[in-house]
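Coordinate inspection notes
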Amino acid sequence: MTVFKTYLKILSKCKMPILLYTVLLVFFGGFNIQNNSGSLSFQESKPSIVIVNEDERVGLTNNLISYLEANSVVEDIELEESAIRDAIFYRKVNYAIYIPKNFHRDFLNGEEPYIKINSTGDYQASLAEMLLSRYLNLAKVYRTIFDEEEKMIEKMNELLEKELEVEMTSSLDTTAMEKASLYYNFTNYCFLAGLIYVICLVLSSFKNEGVFKRTAVSSTDYRQLNRKLLFSNGVFAFALWLLYVLLSFVLCGKIMWSENGLLLIVNSFVFLFCCLTFALLLGNAIRNKEAINVLVNVIALGSSFLCGAFVPMSFLPKSVLTIAHALPSYWYISTNEAIKSLEKIEWNTMLPILVNMAVLLGFSLVFILATNWISRRKRQLN
């Protein structure tokens with residue numbers, strides 16, 4: 001218990017950095033969640049158009065205008081060319097359609113009357129263009145089938161009025177999962193920074209020359225001391241992980257109770273173990289307390305930027321991601337990205353996730369072997 005009590009005394013001196021990392025997680029994690037709350041949701045929209053009709057509003061011309069009015073928003077503006085240009089310039093109107101004189105008569109006679117258009121060139125204008133092209137292409141087909149204009153319009157309307165029925169085949173709440181993955185991506189920084197800072201500081205304190213000599217002359221075996229330090233660091237790491245998991249339930253909501261949410265938690269625990277072994281390696285290799293802050297900034301911040309904790313992986317250059325493969329953070333964050341879009345828990349879909357977790361455990365094994373080698377070397381030198 002003496003070692004554990006001493007550990008807690010040293011840990012109490014680290015409460016401000018731990019609190020700072022937690023506040024950063026809540027602030028930036030919560031900010032990213034709110035900022036991306038509607039990033040994956042879909043809302044139906046209609047383009048804003050204006051129709052300048054120089055033909056009589058009868059027959060096919062009337063039907064075309066009615067179709068456009070039903071599938072878009074026809075703005076009530078002055079039908080002067082200058083007013084239309086101003087409306088398009090200021091994005092009040094996305095698409096202007098000019099129906100020429102004698103349009104319906106020329107079209108039925110097999111001609112291709114030119115319909116002038118003017119647009120903003122954005123996606124709403126593309127939607128309006130798609131509506132117009134759909135109608136005209138269908139009319140070209142039906143005029144070769146039907147001789148009577150009324151019959152042709154009737155059959156066209158039957159087809160145009162059919163709406164595509166969309167069936168949701170997945171019950172996955174992608175918006176909520178996006179929030180949860182953003183939160184757990186940011187924990188990459190908090191786990192690395194918190195564990196490296198605390199564990200390195202604790203181990204460097206126990207390696208103080210005075211403490212080392214008192215331990216050496218006492219009845220405490222160095223193996224026993226190492227086991228107690230390992231246990232104490234493990235308890236701290238688990239407590240930190242549990243705190244961040246509980247915060248995820250508060251910030252992300254009920255999605256954390258889903259299978260995908262639980263996978264995020266499991267992945268974070270695997271990454272926590274990797275961070276713990278890495279922090280123990282650094283703590284055994286470094287004695288200088290002044291170097292701890294440098295390590296935290298270089299390792300935690302550097303890996304977070306390179307691997308997609310702060311900036312989404314989709315925005316990072318391929319060259320950066322290629323380098324990031326050498327870091328555990330890459331495998332942790334890429335697993336989170338895979339989990340957020342996982343619709344079914346099956347062997348084929350789970351295999352990439354399990355491989356990534358195995359890579360993290362492989363990193364942990366390397367860190368453990370390196371720590372043991374350093375410890376043996378230092379005992380031999382002493």
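Residues numbered from 1 in each chain as written. Predicted model: local features only at pLDDT ≥ 70, side-chain atom pairs only at ≥ 80, totals over all residues. Heavy atoms only, no water.

Some remarks on the overall build of the protein chain
Within the protein chain one finds 15 helices and four strands. Within the protein chain, buried positions represent 44% of all 382 residues. In the protein chain, of all internal contacts separated by at least 6 residues, the share reaching a separation of at least 24 is 78%. Of the accessible surface of the protein chain, which amounts to about 21,700 Å², a share of 59% is contributed by carbon and sulfur atoms. (Helix = DSSP H or I, 4+ residues; strand = E, 2+ residues; numbered from the N terminus. Buried < 20%, exposed > 50% of the residue type's maximum accessible area, 1.4 Å probe, protein only. Contact = heavy atoms within 4.5 Å. Areas by Shrake-Rupley, 256 points an atom, 1.4 Å probe, with all protein chains shown as cover.)

Some words on the packing of aromatic side chains
Here the structure, examined in full by the defined rule, presents 18 aromatic pairs. Ring centres of Phe271 and Tyr332 lie 4.2 Å apart, and the angle between their planes is 10°; on these two criteria the pair is classed as stacked. Taken together, the residues Phe271 in helix H11 (residues 259–285) and Tyr332 in helix H14 (residues 328–340) connect sequence positions 61 residues apart. For the pair Phe271 and Tyr332, a shared accessibility class is recorded, and that class is buried. Aromatic rings pair up to connect Phe186, Tyr189, Phe305 and Phe310 into one cluster. The ring of Tyr98 carries Lys116 above its face, with NZ or CZ at 5.0 Å from the centroid. (Phe/Tyr/Trp six-rings, centres within 6.5 Å; stacked < 30°, edge-to-face > 60°. Lys NZ or Arg CZ within 6 Å of the ring centre and 35° of its normal.)

Notes on a nonpolar patch on the surface
Together, Met16, Leu19, Val23 and Phe27 line one region of the surface with nonpolar side chains, adding up to about 430 Å² of accessible area. Counting through the fold element by element, Leu19 comes out in helix H2 (residues 15–35). Take Leu19: its relative accessible area is 48%, and that puts it in the partly exposed class. (Patch = residues over 30% accessible without salt bridge, like charges linked within 9 Å, V, L, I, M, F, W, Y side chains within 5 Å. Salt bridge = Lys/Arg side-chain N within 4 Å of Asp/Glu carboxyl O.)

Concerning the sheet that holds strand E1 (residues 48–53)
Across the sheet, which stays open at both edges, the four strands sit in the order E2-E1-E3-E4 with mixed pairing between neighbours. Only two strands of the sheet have a single partner each, and these edge strands are strand E2 (73–74) and strand E4 (116–119). Of the strand pairs in this sheet, E1 and strand E3 (residues 95–99) are connected by five bridges, and their pairing is parallel. Its bridge partner lying in E3, Ile49 is registered against Tyr95. With respect to the sheet, helix H3 (residues 59–71) is in contact with E1, E2 and E3, its orientation differing from that of E1 by roughly 165°. Its contacts with the sheet put helix H6 (residues 123–142) on E1, E3 and E4, and the angle it makes with E3 is roughly 30°. (Pairing = 2+ DSSP bridges. Axes fitted to C-alpha atoms, helices over the stretch in contact; angles between N-to-C directions.)

Details of the confidence of the model for the protein chain
Put simply, the protein chain has an average pLDDT of 82, and 84% of its residues get 70 or more. Within the protein chain, no element has a lower average pLDDT than helix H9 (residues 209–217), which sits at 53, and none a higher one than H14, at 93. Note on residues 37–43: pLDDT is under 50 here. Beyond four places in sequence and across chains, it has seven contacts. (pLDDT = per-residue confidence, 0-100.)

Comments concerning the side chain of Ser248
Inspection of the secondary structure puts Ser248 in helix H10 (residues 222–252). A relative accessible area of 0% places Ser248 in the buried class. Once residues lying within four places of it in the same chain are set aside, the contact partners of Ser248 are Tyr183, Tyr184, Gly253 and Met256.

A word on the nonpolar core
If you look at the biggest cluster of nonpolar residues, it comprises 74 residues, and the most contacted ones within it are Tyr184, Phe191, Leu195, Ile196, Val198, Phe236 and Tyr244. Those residues in contact with Tyr244 that sit more than four places away from it in its chain are Ile18, Tyr21, Thr22, Leu25, Tyr183, Cys190 and Phe191. Within the second largest apolar cluster, 26 residues are counted, among which are Leu68, Ile99, Ile115 and Met152. (Core = buried A, V, L, I, M, F, W, Y, C linked by side-chain atoms within 4.5 Å.)

Concerning the packing of H3 against helix H7 (residues 149–160)
Following both chains from N to C, one finds H3 and H7 inclined at 15°, their axes separated by 10 Å at the closest point. Judged by the angle between their axes, H3 and H7 are roughly parallel. Considering the relative orientation of H3 and H7, their crossing is right-handed. Along its contact with H3, which presents Gly59, Leu60, Asn63 and Tyr67, the element H7 presents Glu149, Met152, Ile153, Met156, Asn157 and Leu160. In the contact of H3 with H7, the residues fall into six nonpolar, three polar and one charged. (Parallel < 35°, antiparallel > 145°, perpendicular 65-115°, else oblique. Left-handed = near helix turned anticlockwise from the far one by under 90°. Nonpolar A, V, L, I, M, F, W, Y, C, P; charged D, E, K, R; others polar.)

As for H6
The terminal C-alpha atoms of H6 lie 29 Å apart, and with 20 residues this matches the ideal 28 Å at 1.5 Å per residue to within 8%. What H6 keeps buried is the set Gln124, Ala125, Ala128, Leu131, Leu132, Tyr135, Leu136, Leu138, Ala139 and Tyr142. Residues of H6 that are buried in the fold lie against E1, H3, E3, helix H5 (103–108), E4 and H7. (Expected span 1.5 Å × (residues − 1).)

A look at the packing of H11 against H14
A pair of packed helices can be characterised by two numbers: the angle between their axes and the separation between those axes. Contact pair H11 / H14: the axes reach a minimum separation of 10 Å and the direction vectors enclose 175°. The angle between H11 and H14 falls in the class roughly antiparallel. Contact residues: H11 offers Asn260, Leu263, Leu264, Asn267, Ser268, Phe271 and Cys274, while H14 offers Pro328, Ser329, Tyr332, Thr335, Asn336 and Ile339. Considered class by class, the residues forming the contact of H11 with H14 number seven nonpolar, six polar and no charged.

Structural notes on the pattern of salt bridges
Counted under the stated rule, the structure contains seven salt bridges. Lys155 is the partner of Glu158 in a salt bridge, and the nearest nitrogen-oxygen pair spans 4.0 Å. One end of the pair is Glu158 and the other is Lys155, both in helix H7 and three residues apart, which spans about a single turn. For Glu158, a relative accessible area of 41% puts it in the partly exposed group. It is possible to trace a salt-bridge network through shared partners that takes in Glu112, Lys140 and Arg143.

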